[in-house]
Amino acid sequence: MPVAAELTTLEGDKVRIEVTVPEDEVRKQFDRTVKETSARMRLPGFRPGKVPAGVVIQRVGREGIFAQTLDRALNDWYREALVLTGVDPLESPEVDMGDATEQGVAFAVTITVPPTPALGTYKGLEVMREPDETPEGAVDDEIARIREQSARLEDKDGAAASGDFVVADIDGTLDGEALPDAMSRDQLVELGTDRILPEFTTALEGASAGDSVTFDVTYPEDAPEEIRGKTVAYSITVQKVQEKVLPEVDDALAETVGFASADEMLKEIEERLAAATAKTAEERYRRRVIDAAVSAATFAVPPVMVDRRIDSILHDTSHQLPQGVTLDQFLAMQGQTMDQARDSLRADAEMSIRREMVVETIADAEEITLADEEIEERVRRDAADAGRDADELLTALRGSGGWDSLRQDLRIERAVDMIVQSATPISPEEAEKREAAGEAPEADEEPAAKKPAAKKDTEKKPAAKKDTGKKTTAKKPAAKKDPGDKPAAKKPAAKKASAKAATSSAKGSGAGAAKKPAAAKKPAAKKKPDAE
């Protein structure tokens, strides 16, 4: 190793690392500085980059070369010391330079690190679990959805009502001038839906084929600039009125969605909803168990960790937006400023970090470890489930440095499984009874990290125009996974394998790839007296 590092734990969530750099490493870095300086130096009689080392040292001076070496290499030596000691710094270090000569360098850094939670009870927790009962009406709702998909429109005699469709020619004028964007022919309009302005439904209800209606629409200040705050006069001629006809629930309907009979379709729907209900109940129970363990622990999450988690969420979001849409533009569309978005994410970002820190501390307390053989077995199993070549995936993980990260993910997963398996589920009625009796309530399920709330699009274009383009829905800031979540396995990217890549499926009671508290970039040490 280029450096040696000795770690000492201090009070107040700080550690001190004594770093020593041997002579051979110092001389290697010194020679590198000479070479780099030679490449930049321009002297008469020498080709660029060919100035001899002796001449470089003579012109710059050994002290100057050594000072440049320290300025450049100290950061690398510091980072190497962090790797050796496994320290995850929260802030820039305090640097204390010791002896620094060409025969060796010694320095020390004092670093603030994440606090270690003081654990409370985390085994044998009694936590509410919802029953695995399909919600009332869920099967009927699914059948209704299938019928809607197979519905047909039939011409209707008489007046149009809410829920009917009209085929109409639409003309709109602004200040007496035709408005092209408000003109359409043979436009199909569904009455009563929020996809059209309510004025259209009001005007067309009661109209029959051949009728013409006129009405005005005054657009609000958040409408497109062309019609913002202005009144558009509409004239609509109804060509025909149609009503939606839903198919009967029979074998013919079942065949349209891939089933041999209505009975088979109904059975599959019931089984699928039952499985989904059980999965949801299990995931909520697991989350409640973890949150109960978190509630029993005592510690404070440093604000810098929360800020970094929020930065990470917003960074991920910015890379998920449609091309050409910036994060600021997206937030503006949601009616939020950057500060408001950060505030809306703060509480859940902190809770996510608390879960991770508590579960990791429990894993340490329980001395949970995984042998290489266990990791390889998991990778091979998940590779088989994903239809991937296991040897190829193993090579990618080891080559990308993802092996140790995967080991930590699975270690945290095992800790979550242990906590959940030791817990005892109680009914909602029992939980309510205990709360009414004044017993300490369990930790409620924490919702997924809050996201900048999406507002309904209030920019009403001239409603009659046909929609000829696809709508794009920008993704909201997504919360990072924490120990309460099951791992959502992803395949490794073509060139870079990640630790998550191996868990292409999470069978059994897999808990989720809980990451260490996000700690952005590691601080870079500088030569004394300055430290970042």
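Because the structure is a prediction, the values reported are computed rather than measured.

**Student:** Sorry if this is basic, but what is going on with the overall build of the chain here?
**Tutor:** Scanning the chain from terminus to terminus reveals 14 helices and 12 strands. Within the span of the chain, comprising 532 residues, buried residues form 40% of the whole. Just so you have it, the chain exposes about 29000 Å², and 48% of that area is on carbon and sulfur atoms.

**Student:** Where do I start with helix 11 (residues 372-386) in this structure?
**Tutor:** Along its 15 residues, helix 11 runs 21 Å from first to last C-alpha, staying within 8% of the 21 Å computed at 1.5 Å per residue. All of the buried residues along helix 11 are Ile375, Arg378, Val379, Asp382 and Ala383. Down the axis, helix 11 shows its buried residues gathered within 130 degrees of arc, on one side only. Relative to its buried face, helix 11 has exposed residues pointing more than 90 degrees away, namely Glu373, Glu377 and Ala384. Packed against the buried residues of helix 11 are helix 12 (390-399) and helix 13 (402-422).

**Student:** I would appreciate a short explanation of the packing of helix 7 (residues 262-296) against helix 10 (residues 338-365) in the present structure.
**Tutor:** Pairs of packed helices are described in terms of their axes, by the angle between the two and the distance that separates them. It is at 9 Å that the axes of helix 7 and helix 10 come closest, and there the two elements cross at 80 degrees. By the criterion of interaxial angle, the relationship of helix 7 to helix 10 is roughly perpendicular. Only Met351, Arg354, Arg355, Val358, Val359 and Ile362 of helix 10 make contact with helix 7, whose side of the interface consists of Arg287, Ile290, Asp291, Ala293 and Val294. Residue composition of the contact of helix 7 with helix 10, by class: seven nonpolar, no polar and four charged.

**Student:** Looking at this model, I keep getting lost on the sheet that holds strand 3 (residues 94-101). Mind explaining?
**Tutor:** Consider a sheet: its strands pair through backbone hydrogen bonds, and that pairing is either parallel or antiparallel. Taken in spatial order, the four strands line up as 1-2-4-3 in an open sheet, and their pairing is antiparallel. Each having just a single partner strand, strand 1 (4-10) and strand 3 make up the two edges of the open sheet. Strand-to-strand twist of the sheet, defined as the mean angle between neighbouring strand axes without regard to direction, takes the value 10 degrees. Here eight bridges tie strand 2 (residues 14-21) to strand 4 (residues 104-112), and the two strands are oriented antiparallel to one another. Within the sheet, the bridge partner assigned to glutamate 18 lies in strand 4 and is alanine 108. Sheet strands touched by helix 3 (residues 62-85): strand 1, strand 2, strand 3 and strand 4. Its angle to strand 4, the strand with the most contacts, is close to 55 degrees.

**Student:** Just checking my understanding: could you explain the packing of helix 11 against helix 13 for this structure?
**Tutor:** Two elements in contact, helix 11 and helix 13, have axes separated by 11 Å at closest approach and are oriented at 90 degrees. With respect to their mutual orientation, helix 11 and helix 13 come out roughly perpendicular. Within the contact between the two elements, helix 11 uses Asp372, Glu374, Ile375, Glu376, Arg378 and Val379 and helix 13 uses Trp403, Leu406, Arg407, Leu410, Glu413 and Arg414. Considered class by class, the residues forming the contact of helix 11 with helix 13 number five nonpolar, no polar and seven charged.

**Student:** Explanation requested: the packing of aromatic side chains in the structure shown.
**Tutor:** The relation between two aromatic rings is expressed through the spacing of the ring centres and the mutual angle of the planes. Going through the model one piece at a time under the given rule, you end up with three aromatic pairs. For the pair phenylalanine 200 and phenylalanine 215, a centre-to-centre distance of 5.0 Å together with 85 degrees between the ring planes defines the contact as edge-to-face. Here the residue phenylalanine 200 occupies a position in helix 5 (residues 198-204), and phenylalanine 215 occupies one in strand 10 (residues 212-218), the gap between them amounting to 15 residues. Looking at phenylalanine 215, the relative accessible area reads 11%, which means it is buried. Put simply, the rings of Phe200, Phe215 and Tyr234 touch in pairs and so form one group of aromatic residues.

**Student:** In this structure, what is going on with the pattern of salt bridges? I would like to understand it.
**Tutor:** Side chains bearing opposite charge may pair, as long as their charged atoms lie close to each other. Applying the stated criterion to the full structure yields 41 salt bridges. Put simply, glutamate 366 and lysine 123 hold a salt bridge, and the shortest N to O gap is 3.1 Å. Here glutamate 366 is found in the loop between helix 10 and helix 11, whereas its partner lysine 123 is found in the loop between strand 4 and strand 5 (126-128), with 243 residues between them in sequence. By relative accessible area, glutamate 366 is classed as partly exposed at 27%. Using a relative accessible area of 42% as the deciding quantity, one classes lysine 123 as partly exposed.

**Student:** Got a minute to help me understand the confidence of the model for the chain in this structure?
**Tutor:** Detailed reading of the predicted coordinates is not advisable wherever pLDDT is low. On average, residues of the chain score 81 in pLDDT, and 81% of them reach the 70 mark or higher. Counted against residues more than four places away or in other chains, residues 441-476, with its pLDDT under 50, gives 89 contacts. The low-confidence segment residues 486-532 (pLDDT under 50) makes 133 contacts with residues lying over four places distant or belonging to another chain.

**Student:** Mind showing me how you'd approach the side chain of threonine 37 here?
**Tutor:** Residue position: threonine 37 is located in helix 1 (residues 23-40). With relative accessibility at 7%, the residue threonine 37 sits in the buried group. Engagement of the side chain of threonine 37 in a polar contact is seen with the backbone oxygen of threonine 33, the distance being 2.7 Å. Among all residues touching threonine 37, those that are not within four sequence positions of it are Val56, Val60, Ile65 and Gln68.

**Student:** In this structure, what is going on with the nonpolar core? I would like to understand it.
**Tutor:** Nonpolar side chains in soluble globular proteins generally cluster together in the buried interior. One finds Leu125, Val289 and Ile362 to be the most contacted residues of the largest nonpolar core, which totals 40 residues. Listing elements by their share of this core, those giving two or more residues are helix 7, helix 8 (303-318), helix 9 (327-333), helix 10 and helix 13. Among the elements that make up this core, the one with the highest residue count is helix 10 (10 residues). Core analysis: the next-biggest nonpolar cluster, separate from the first, contains 30 residues, Val15, Tyr78, Leu82 and Val95 among them.

**Student:** I keep staring at the environment of alanine 300 and nothing clicks. Help me out?
**Tutor:** Assignment of secondary structure puts alanine 300 in the loop between helix 7 and helix 8. Taking relative accessible area as the criterion, alanine 300 reaches 58% and is therefore assigned exposed. As a C-alpha pair, alanine 300 and proline 117 span 183 residues in sequence and 8.1 Å in three-dimensional space.

**Student:** How should I be thinking about unusual backbone geometry in this particular structure?
**Tutor:** Peptide bonds are mostly trans, and most non-glycine residues show a negative phi. Its identity is not glycine, yet aspartate 13 carries a phi of approximately 55 degrees, on the positive side. With respect to the secondary-structure elements, aspartate 13 resides in the loop between strand 1 and strand 2. Classification of aspartate 13 as partly exposed rests on a relative accessible area of 36%. In this structure, glutamate 367 is a non-glycine residue whose phi angle is positive, near 55 degrees. Along the chain, glutamate 367 turns up in the loop between helix 10 and helix 11.

Rules used in this analysis
- Residues numbered from 1 in each chain as written.
- Predicted model: local features only at pLDDT ≥ 70, side-chain atom pairs only at ≥ 80, totals over all residues.
- Heavy atoms only, no water.
- Helix = DSSP H or I, 4+ residues; strand = E, 2+ residues; numbered from the N terminus.
- Buried < 20%, exposed > 50% of the residue type's maximum accessible area, 1.4 Å probe, protein only.
- Areas by Shrake-Rupley, 256 points an atom, 1.4 Å probe, with all protein chains shown as cover.
- Expected span 1.5 Å × (residues − 1).
- Arc of directions from axis to C-beta.
- Contact = heavy atoms within 4.5 Å.
- Axes fitted to C-alpha atoms, helices over the stretch in contact; angles between N-to-C directions.
- Parallel < 35°, antiparallel > 145°, perpendicular 65-115°, else oblique.
- Nonpolar A, V, L, I, M, F, W, Y, C, P; charged D, E, K, R; others polar.
- Pairing = 2+ DSSP bridges.
- Phe/Tyr/Trp six-rings, centres within 6.5 Å; stacked < 30°, edge-to-face > 60°.
- Salt bridge = Lys/Arg side-chain N within 4 Å of Asp/Glu carboxyl O.
- pLDDT = per-residue confidence, 0-100.
- Polar contact = N/O pair within 3.5 Å; in protein donor to acceptor, adjacent residues only side chain to side chain.
- Core = buried A, V, L, I, M, F, W, Y, C linked by side-chain atoms within 4.5 Å.

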